[in-house]
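# Close look at the chain arrangement
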Amino acid sequence: MADAAGRPIDALLREERRFAPPESFRARAHVRDESVYEEAERDPEGFWARWAEELEWFQKWDRVLEWNPPHARWFLGGKLNASVNCVDRHIRGPRRNKAAIIWEGEPGDTRTLTYYDLYREVNKFASVLKGLGVKKGDRVTIYLPMIPELPIAMLACARIGAPHSVVFAGFSPQALASRMEDAGSRFLVTSDGFYRRGKVVPLKAQADEALKLLAGKQDVEAVVVVRRTGHEVPFTPGRDRWWHELMEQAERLCPPEAMDAEDMLFMMYTSGTTGRPKGIVHTTGGYLTGVYATTKWVFDLQEDDVYWCMADIGWITGHSYIVYGPLANGATVVMYEGAPDWPDKDRPWVIIEKYGITIFYTAPTAIRAFAADGPEYPRRHDLSSLRLLGSVGEPINPEAWMWYHEHIGGGRCPIVDTWWQTETGAIMITPLPGVTVTKPGSATRPFPGIKAAVLDDQGNPVPPGQGGGYLAILRPWPSMLRGIWGDEERYVNTYWSKWGRDVYYPGDGAKIDEDGYFWVLGRVDDVMNVAGHRLSTMEIESALVSHPAVAEAAVIAAPHPVKGQVPVGFVILEAGRQGGPELEAELKEHVAKVISPIARPDRVLFVPDLPKTRSGKIMRRLLRDIVEGRQLGDTTTLRDPDVPEQLRQMYASQP
Ligand code: 6R9
């Protein structure tokens, strides 16, 4: 058996290196001994309630949890506002002029917003939204690059109780349109463009294309456009407005809406096992409690830290650990617009040295790319300000972990390998850097208050040190998803049906070793993880099939040394169409256009047939055996048992 990155599990579990927190780190850490685990276990609801008490509420809750599996409600009757917790409460004390966001554009321009600056901007943009007719409960779509207006717009939505739906700026017009339609969103915030590898990405033109696709399907009342690059952009009078013009005339203050703890804070689309992305719904009180607590303990956030998470805010990692978690904690957050290898491969290390960053959070795929570039790039810079490193998004292989530890952490920084998902809202399995002895490749233990297990198909726990099984979460937690937007049935079926309505099924394989440490092995469903981005095989398959030359397609994930996994497509062409390098390139481009460049297949093979069961189900397992060079599994249930062998030969003969 192998995990998603092709690592044999046995080799992983032979990993014997151990890293204890340095005494100097432990001495000033928030958590210094293991007693927090037992305390939380004795009374999980009390544990979470104590965290919620560290937030600011207009009205305290009267009940911590109501659990009608699979529906949980947290902090019932409580009223609060996320923007008050991330901004207002910091401006009343010594953090007023502390840097909240230090932003660096790709061309090298910079902006620093103090908490007071952020307060003014969020208030003004909240007034702008109100002036455009946005009401409590309206979904506002935000299609912005990594510029300060993105967190400002999110917090402004939160202030007036309008849930935001941020769509990653790397997504295509089609992807934006389908998300706006699904969300029933009548408002869009975007920018003229942004910088990526020295070029201007014409975001407004992409947004316009999406709006064209929406014509007749979804009314869009207003589009607010941030001027980032200053290049000429098309403007539709009446509908499009400039951000800076609206801000100039806006009311200075906008009182925050008192939101119910269970009111929706935002939705975030993520890929599932079907072609249609699902809008994961997060609410206000529980989500904020979860990200606040985990940011403080997992990153051991101290008042003087300078924190940089390299993710894009368009993903859940950016929502929870650039915006809501760190700002709720009053942290100084660094935000970078562009590519990590621009203008040179040392850009992250330039940024760390320049701002004296103390906490750095990135993904294994980035670490593997840094390692491939070589240690000379970090070596050019003084990285001695760093004291803690984090990893998220996919399993980290021990070699990448060791490289990170040595070449970025200088051998002195604890590494927190954090397992969680869009759906979990906050970190679930992770070391606590002041107490946990880490093992390269293991996310170690569930965060206090979280109850996780590894179960077999029947729901029996797989004993520690035995085989692999499925990761499971056995009890509700505050930042858990509350549903899938508009699809109750899918919520129940996807997450709460494998074993019972009260056990959450994340879709990851995992193992527990003799010390009780968790080793997350990657997805067990038709979801792949390409450079830390979640993609569904079905989504890519439907993109391929949407090309006129394609009759049928099967997509699987092949192991890749840097990206972890890459999509590989097996395609049956329409009669009369001929495969070849040109069509292969065209199909790759087509997928990049329909979904996003991150979904572009690494290879597209033209095949005469696909391995199918008698009932017509494509057996992707056999295709995986082929690309991973394994002995072909059981083919007896196939309609045509010879197909896999034919494909194997084709795969081996085509470069
Ligand atoms: C936060 C985020 C979730 C999926 C998840 C799993 C993989 C994330 C991981 C990890 C092993 C880790 N994953 N962190 N696997 N170790 N530390 O990435 O959310 O985009 O929803 O992806 O990512 O497979 O199920 P999301």
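Residues numbered from 1 in each chain as written. Predicted model: local features only at pLDDT ≥ 70, side-chain atom pairs only at ≥ 80, totals over all residues. Heavy atoms only, no water.

## Re the sheet that holds strand β15 (residues 278-283)
Spatially, β12-β11-β8-β6-β7-β14-β15-β23 is the arrangement adopted by the eight strands of the open sheet, whose pairing is mixed. Bordering the open sheet on either side are β12 (240-242) and β23 (483-484), each of which pairs with just one other strand. (Pairing = 2+ DSSP bridges. Helix = DSSP H or I, 4+ residues; strand = E, 2+ residues; numbered from the N terminus.)

## Here we look at the site of the ligand
If you check the shell around the ligand, you find 17 residues, and the closest are D417, T422, D508, R523 and R534. Within the side chain of T422, a nitrogen or oxygen atom sits 2.6 Å from an oxygen atom of the ligand. Take R523: an N or O atom from its side chain is 2.8 Å from an oxygen atom of the ligand. For the ligand, the protein covers 96% of the area, taking 530 Å² as the surface of the free molecule. Here the residues of the shell around the ligand are counted per class, giving six nonpolar, six polar and five charged. (Near = heavy atom within 4 Å. Polar contact = N/O pair within 3.5 Å; in protein donor to acceptor, adjacent residues only side chain to side chain. Areas by Shrake-Rupley, 256 points an atom, 1.4 Å probe, with all protein chains shown as cover. Nonpolar A, V, L, I, M, F, W, Y, C, P; charged D, E, K, R; others polar.)

## Remarks on the UniProt feature "binding site: Mg(2+)" (unreviewed entry) in the protein chain
When the UniProt feature table is mapped onto this chain numbering, "binding site: Mg(2+)" (unreviewed entry) sits at V545, H547 and V550. Tracing the sequence through the fold places V545 in helix α18 (residues 537-545). Taking relative accessible area as the criterion, V545 reaches 36% and is therefore assigned partly exposed. Residues in contact with V545, not counting those within four places in the same chain, are V550, A551, E552 and A553. (UniProt positions renumbered as here; feature names shortened; annotations may be inferred. Buried < 20%, exposed > 50% of the residue type's maximum accessible area, 1.4 Å probe, protein only. Contact = heavy atoms within 4.5 Å.)

## Let's talk about the pattern of salt bridges
Tallied over the full model, the rule gives 45 salt bridges. Of the charged contacts in the structure, one is a salt bridge between R630 and E628, with a shortest N-O distance of 2.3 Å. The exposure class assigned to E628 is partly exposed, which follows from its relative accessible area of 29%. When the shortest N-O distance is used, the salt bridge between E645 and R648 registers 2.8 Å. Note that E645 and R648 are positioned in helix α21 (residues 643-653) at a spacing of three residues, about one turn of the helix. We classify R648 as partly exposed; its relative accessible area is 34%. Among the charged side chains, a network of salt bridges with common partners joins K204, D208, R239 and D240. (Salt bridge = Lys/Arg side-chain N within 4 Å of Asp/Glu carboxyl O.)

## Concerning helix α20 (residues 620-627)
An α-helix turns once every 3.6 residues. As a result, residues three or four positions apart point the same way. Counted residue by residue, α20 has six buried out of eight residues, so it is predominantly covered. Buried residues of α20: R620, L622, L623, D625, I626 and V627, and no others. Those residues of α20 that are buried are in contact with α18, β28 (550-560), β29 (564-573) and α21. Where α20 terminates, the next one or two residues include G629, which has phi positive at roughly 65°.

## Digging into unusual backbone geometry
Put simply, P69 and P70 share a cis peptide bond, and its omega is 0°. Cis geometry marks the peptide bond from W342 to P343; its omega dihedral reads -5°. Inspection of the secondary structure puts P343 in the loop between β17 (332-336) and α13 (347-355). Residue R197 is not a glycine yet carries a positive backbone phi of 50°. Relative accessible area serves as the criterion here: at 37%, R197 is assigned to the partly exposed category. Of note, the phi angle at D300 is positive, near 45°, even though the residue is not glycine. Turning to its location among the elements, D300 is positioned in the loop between α11 (284-298) and β16 (306-309). By relative accessible area, D300 is classed as buried at 1%.

## Observations regarding the packing of helix α6 (residues 115-131) against helix α7 (residues 149-160)
Between α6 and α7, the least distance of the axes is 8 Å, while the angle of their chain directions is 65°. Remark: the crossing between α6 and α7 carries right-handed chirality. Contact residues: α6 offers L118, Y119, E121, V122, N123, F125, A126, L129 and K130, while α7 offers I152, A153, L155, A156, C157, R159 and I160. A per-class count over the contact of α6 with α7 returns 12 nonpolar, one polar and three charged. (Axes fitted to C-alpha atoms, helices over the stretch in contact; angles between N-to-C directions. Left-handed = near helix turned anticlockwise from the far one by under 90°.)

## A look at the domain arrangement of the protein chain
Assigned domains within the protein chain: domain 1 (23-508) and domain 2 (531-653). If you average the C-alpha positions of domain 1 and of domain 2, the two centres end up 33 Å apart. Both faces combined, the contact of domain 1 with domain 2 buries some 1500 Å², and carbon together with sulfur accounts for 47% of it. Scanning the region where domain 1 abuts domain 2 turns up one salt bridge. Across the pair E423 and R534 runs a salt bridge, and its minimum N-O distance is 3.0 Å. Taken together, the connections running from domain 1 to domain 2 amount to nine residue pairs in polar contact (both at pLDDT 80 or more). Looking at the side of domain 1 that touches domain 2, the elements with two or more residues in it are α8 (173-183) and α14 (364-373). The class makeup of the residues in the side of domain 1 that touches domain 2 is five nonpolar, 13 polar and six charged. (Domains from an automatic or database assignment. Buried area = accessible area lost by both parts, 1.4 Å probe.)

## A look at the side chain of R620
Structurally, R620 is set in helix α20. In this structure the side chain of R620 is engaged in a polar contact, spanning 2.9 Å, whose partner is the side chain of E541. Non-local contacts of R620, meaning those with residues more than four positions away in its chain, are made with D526, T537, M538, E541, V555 and I556.

## Some remarks on the sheet that holds strand β21 (residues 452-455)
The strands that make up a sheet pair up through hydrogen bonds in the backbone, lying either parallel or antiparallel. Here we have four strands laid out as an open sheet, ordered β21-β22-β24-β25, and antiparallel in their pairing. Here the strands that pair on one side only, and so sit at the sheet edges, are β21 and β25 (518-523). Strand-to-strand, the axes of this sheet are offset by a mean angle of 45°, without reference to chain direction. As paired elements, strand β24 (residues 508-512) and β25 share five bridges and run antiparallel to each other. Following the sheet pairing, D508 is matched in β25 by R523.

## Here's the deal with the nonpolar core
Among the nonpolar cores identified, the biggest contains 125 residues, and L118, F125, I142, F299 and Y324 are the most heavily contacted of them. If one sorts the elements of this core by residue count, α7 sits on top with nine residues. The residues contacting F125, other than those within four sequence positions of it, are I152, A153, A156, V189, V224, W243 and M247. (Core = buried A, V, L, I, M, F, W, Y, C linked by side-chain atoms within 4.5 Å.)

## Structural notes on the UniProt feature "binding site: ATP" (unreviewed entry) in the protein chain
Annotation from UniProt places "binding site: ATP" (unreviewed entry) at G393, E394, P395, D417, T418, W419, W420, Q421, T422, D508, R523 and R534. Structurally, W419 is set in the loop between β20 (415-418) and β21. Filtering out sequence-adjacent residues up to four positions away, W419 remains in contact with T424, I427, M428, I429, A443, L471, I473, P506, D508 and V520. The residue Q421 is located in the loop between β20 and β21 in this model. What Q421 contacts, discounting residues up to four positions off in sequence, is I316, Y504, P506, D508, R523 and R534.

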